[in-house]
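# Survey of secondary and tertiary structure
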Amino acid sequence: MVHLIRPRPSPALLLHAPPPPLSSTLPLPLLPPPALASLLLAAIDSSTSLRHLRSLHALLVRLPLQPHSLPYLLSRLLRRLAAVPPPHAPLSYPLSVFSAHSPPDPFLAAALLRFAFLTQPPLTPFRVFSRLLGSARGELPFLPFAFSPLAKSAAAARSLPAAEAAHAVSILVGGFDKHRFVENSLIGAYVACGDVGAARKVFDEMVVKDVISWTSIVVAYSRSGDMGSAEEVFAQCPVKDLVAWTAMVTGYAQNSMPMKALEVFERMAALGMGIDEVSLTGAISACAQLGAVKRAAWVKEIAESNGLGNNVVVGSGLVDMFAKCGLIDEARNVFYGMQEKNVYTYSSMIVGLAAHGRATEAIALFKDMVRRADVVPNHVTFIGLLTACSHAGMVRDGRYYFAQMKDKYGILPSPDHYTCMVDLLGRAGLVDEAFDLVRSMSVEPHGGVWGALLGACRIHGNTEVSKVAAEHLFKLEPEGIGNYVLLSNTLASAGKWDEVSKVRKLMRSRRLKKDPAVSWFEGRDGLVHQFFAGDNSHPRTNEIKKALLELVAKLKHAGYVPILSSIVYDVSDGEKERLLMGHSEKLALLFGLLTLGSRCTIRIVKNLRICEDCHLFMRLVSRVEDVEIIVRDNMRFHHFKDGECSCGGFW
């Protein structure tokens, strides 16, 4: 029997308006139960506040709904609770929603665990799961989806024991170890925790694999640096979607294999795969590593043609890419053309300006960033700022911004910031002050700090401090061949050949080999040519060496005297000069002159620091051959033009 009462607003208006306090007795609705359930579901899914969801919860438990409808609506309520903006409901509220329903419902349990994962601290789902096991007393049949929050929680916490626990309960409690959804979640957890072997074991034991399974294993190998295994899995993948292709592009880029990354990206584009922000960022990173100008322009075109030109993440990457390709003015054009900029965009531009020796512009941009744009700097911003000061020898400014970082912006100096300061002081000849700064650090110095100090000792010939720095480096980075070489070169420059012999003997006993010097040059056709020191493998080696001899004679006539101290081996002067002429950047330069001619820009990327002789050589060539030369070594950019370098002799 239906009670007649005074007219009321329609149920839809009632559900979406701020609800009045509910009386102790609620009249039966005029709608049939299925229609009422649909109406309540629509109200739950569209709710945007905790207060409204609580009111809907009150209606759910008081209205005469069909038995199968109530647990479903309550589970949707918990899912919506996890989606509303913070502050989220306390965990006690969804727990009470679950506990109030009898018998225990598996859909409600899965929704409760999902809520715990999305809104609570890491690993909370495990505590909730233990509580559910204890209270249900075997009456709760868990669904496969209940185990996903456990695996994802383990992944978020990077906790391998938690991942193993999620794996165990999925077998012992649910028996779902062969359920594809659960298996993919477990693979993701093991990948996040860095256990590639466990992830591969789950993958190999899967009865049915989908593209998520295959892609997760590709990502696992990529993160571990095993791109060979990643290639094998990718080749076997029956269906390759955008995510799978992107995993290969980013994997190669992150493992310093830029040519491979761009090859895959080109294949991906040729197949008509959609380009997204992540895949494009991987290609941008690869171009930045290579310093390849033509490829950089091509990637920018792809970004714009796919509607990602105004994307702030892509734009920030393009700024970084063009700066690392030696096109700092193009980087500026992209930067000032962006409609939206954030701290990463500004930091990329400041770091780029610093690498090109434009310290004054970097500082001016920083001031504009914090004053006019009102963007708060982060730790990367200050690394760029301090690097700018270091490359320009601006000791006073460096000290000022190092202090401002902590005093004004509340950013505690990290070892990376101390590295910049040690480099700044050391390059300026203040080696003892740099050493004092290291000893007074508030954090433990890492290899970068001691490496900067050792590099300063190499420049200024401080053998005593160099031995202290090297001693720390040999403990922190026992396989770091460059540290042994720096110490050896410092001692060799001081003529301490007995000590040089001891260092080289130590290198041999540890089976360390010096990284070969290599330079890259991008040809007119976009093909990247590679040159090693003393290289005879290039097809045009004879032409290069003949042209080099002719150019050296021309430079000597103009006053060039080789800086023999750039060779630290105890050999004759004639042999030193022969070794200097085989340096990889000289070979790359001559190939550039042969293929591009005069009145051009030759861009070279080198994996090590350019030596003093090659620096002088480049300066003189830029004057006598009427070319502009841009060299990116492992420290910074050098722009050679009309016999001068942008570093001003300070590098």
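Thresholds applied
Residues numbered from 1 in each chain as written. Predicted model: local features only at pLDDT ≥ 70, side-chain atom pairs only at ≥ 80, totals over all residues. Heavy atoms only, no water. Helix = DSSP H or I, 4+ residues; strand = E, 2+ residues; numbered from the N terminus. Buried < 20%, exposed > 50% of the residue type's maximum accessible area, 1.4 Å probe, protein only. Contact = heavy atoms within 4.5 Å. Areas by Shrake-Rupley, 256 points an atom, 1.4 Å probe, with all protein chains shown as cover. Lys, Arg positive; Asp, Glu negative; His and termini not counted. Charge placed at Lys NZ, Arg CZ, Asp CG, Glu CD. Axes fitted to C-alpha atoms, helices over the stretch in contact; angles between N-to-C directions. Parallel < 35°, antiparallel > 145°, perpendicular 65-115°, else oblique. Nonpolar A, V, L, I, M, F, W, Y, C, P; charged D, E, K, R; others polar. Phe/Tyr/Trp six-rings, centres within 6.5 Å; stacked < 30°, edge-to-face > 60°. Lys NZ or Arg CZ within 6 Å of the ring centre and 35° of its normal. Expected span 1.5 Å × (residues − 1). Salt bridge = Lys/Arg side-chain N within 4 Å of Asp/Glu carboxyl O. Pairing = 2+ DSSP bridges. Patch = residues over 30% accessible without salt bridge, like charges linked within 9 Å, V, L, I, M, F, W, Y side chains within 5 Å. Core = buried A, V, L, I, M, F, W, Y, C linked by side-chain atoms within 4.5 Å. pLDDT = per-residue confidence, 0-100.

### Points about the overall build of the protein chain
Along the backbone of the protein chain there are 33 helices and six strands. Within the span of the protein chain, comprising 651 residues, buried residues form 49% of the whole. Contacts in the protein chain between residues far apart in sequence, at least 24 positions, make up 64% of those at least 6 positions apart. Within the structure as shown, the protein chain displays about 31000 Å² of accessible surface, and the carbon and sulfur contribution to it stands at 55%. For the protein chain, the centre of its 69 positive side-chain charges and the centre of its 60 negative side-chain charges are spaced 5 Å apart.

### A closer look at the packing of helix 12 (residues 211-224) against helix 14 (residues 242-254)
Running from N to C, helix 12 and helix 14 point in directions that differ by 5°, and their axes come no closer than 9 Å. As the angle between them shows, helix 12 and helix 14 are arranged roughly parallel. Note on element contacts: helix 14 touches helix 12 through Val243, Ala244, Ala247, Met248 and Gly251, opposite Thr215, Val218, Val219 and Ser222. Taken together, the residues that form the contact of helix 12 with helix 14 break down as six nonpolar, three polar and no charged.

### Section: the packing of helix 22 (residues 379-392) against helix 24 (residues 415-427)
Viewed as axis vectors pointing N to C, helix 22 and helix 24 meet at an angle of 5°, and their least axial separation amounts to 9 Å. It follows that helix 22 is roughly parallel to helix 24 by the angle criterion. Contact residues: helix 22 offers His379, Phe382, Ile383, Leu386, Thr387, Cys389 and Ser390, while helix 24 offers Asp416, His417, Cys420, Met421, Asp423, Leu424 and Arg427. Class assignment for the residues of the contact of helix 22 with helix 24 results in seven nonpolar, four polar and three charged.

### Quick word on the packing of aromatic side chains
Taken as a whole and assessed by the stated rule, the structure comprises 19 aromatic pairs. Consider the rings of Phe531 and Phe591, whose centres lie 5.7 Å apart with planes at 50°: the pair is tilted. A residue pair is termed long-range when its members are at least 10 positions apart, and Phe531 in strand 2 (residues 528-532) and Phe591 in helix 32 (residues 584-596) qualify at 60 residues. The exposure classification of Phe531 matches that of Phe591, with both residues buried. Put simply, the rings of Phe366, Phe382, Tyr400, Tyr401 and Tyr409 pair up and form one aromatic cluster. It is Lys586 that lies over the ring of Phe617; its NZ or CZ is 5.3 Å from the centre.

### Some details on helix 24
For helix 24, spanning 13 residues, the distance from its first C-alpha to its last is 18 Å, which sits close to the expected 18 Å at 1.5 Å a residue. In terms of burial, helix 24 is a largely internal element, 11 of the 13 residues being buried. Those residues of helix 24 that fall on the buried side of the exposure criterion are His417, Tyr418, Thr419, Cys420, Met421, Val422, Asp423, Leu424, Leu425, Gly426 and Arg427. Positive phi appears at Gly429, one or two residues downstream of helix 24, with a value of about 90°.

### Re the pattern of salt bridges
Under the criterion given, the structure shown has 26 salt bridges. Glu231 is the salt-bridge partner of Lys260, the closest N and O atoms lying 3.9 Å from each other. Highlighted residues: Lys260 in helix 15 (residues 258-270) and Glu231 in helix 13 (residues 227-236), separated in sequence by 29 residues. Among the salt bridges present, the one from Glu585 reaches Lys606, with a minimum N-O distance of 2.8 Å.

### With respect to the sheet that holds strand 2
Reading across the sheet, the six strands line up as 2-1-3-4-5-6 and stay open at both edges, with mixed pairing between neighbours. Each edge of the open sheet is held by one strand with a lone partner, namely strand 2 and strand 6 (644-645). Inspection of the sheet shows strand 1 (residues 518-522) paired to strand 3 (residues 601-606) by three bridges, in the antiparallel sense. For Ser519, the partnering residue across the bridge sits in strand 3 and is Lys606. Sheet contacts for helix 32: strand 1, strand 2, strand 3 and strand 4 (628-632); angle to strand 3, the most-contacted strand, approximately 155°.

### Some thoughts on a nonpolar patch on the surface
Residues Leu133, Ile171, Leu172 and Val173 make up a contiguous nonpolar surface patch of about 360 Å² in total accessible area. Here Val173 lies in the loop between helix 9 (160-172) and helix 10 (180-192).

### Some points on the nonpolar core
If you look at the biggest cluster of nonpolar residues, it comprises 161 residues, and the most contacted ones within it are Leu132, Leu280, Met321 and Leu453. Non-local contacts of Leu280, meaning those with residues more than four positions away in its chain, are made with Phe265, Ile275, Val299, Ile302, Ala303, Leu308 and Val314. Counting 36 residues, the second largest nonpolar core, distinct from the first, contains Leu580, Leu593, Leu596 and Ile610.

### As for the pairing of strand 5 (residues 637-641)
Put simply, side chains in a regular strand alternate between the two faces of the sheet. Counted residue by residue, strand 5 has four buried out of five residues, so it is predominantly covered. Pairing of strand 4 with strand 5, which is carried by four bridges, proceeds in the antiparallel orientation. The residue bridging Val631 from the neighbouring strand is His638, located in strand 5. Looking at chain direction, strand 5 and strand 6 are connected through two bridges and run antiparallel. Its bridge partner lying in strand 6, Lys641 is registered against Glu644. Here strand 5 folds back onto strand 6 in antiparallel fashion, the turn holding two residues, of which Asp642 has a positive phi close to 55°.

### Looking at the confidence of the model for the protein chain
Per-residue pLDDT for the protein chain has a mean of 88; in total, 94% of the residues score no lower than 70. Confidence drops under pLDDT 50 across residues 1-27; counting only partners more than four residues distant or on other chains, this segment forms 27 contacts.

### Concerning the pairing of strand 1
The buried count for strand 1 comes to four of five residues, which makes it a mostly enclosed element. Bridge analysis of strand 1 against strand 2 gives five bridges, and the strand direction is antiparallel. Each bridged residue has a counterpart across the sheet, and for Trp520 the counterpart in strand 2 is Gln530. Between strand 1 and the antiparallel strand that follows it, strand 2, lie five residues; Gly526 among them carries a positive phi value of about 90°.

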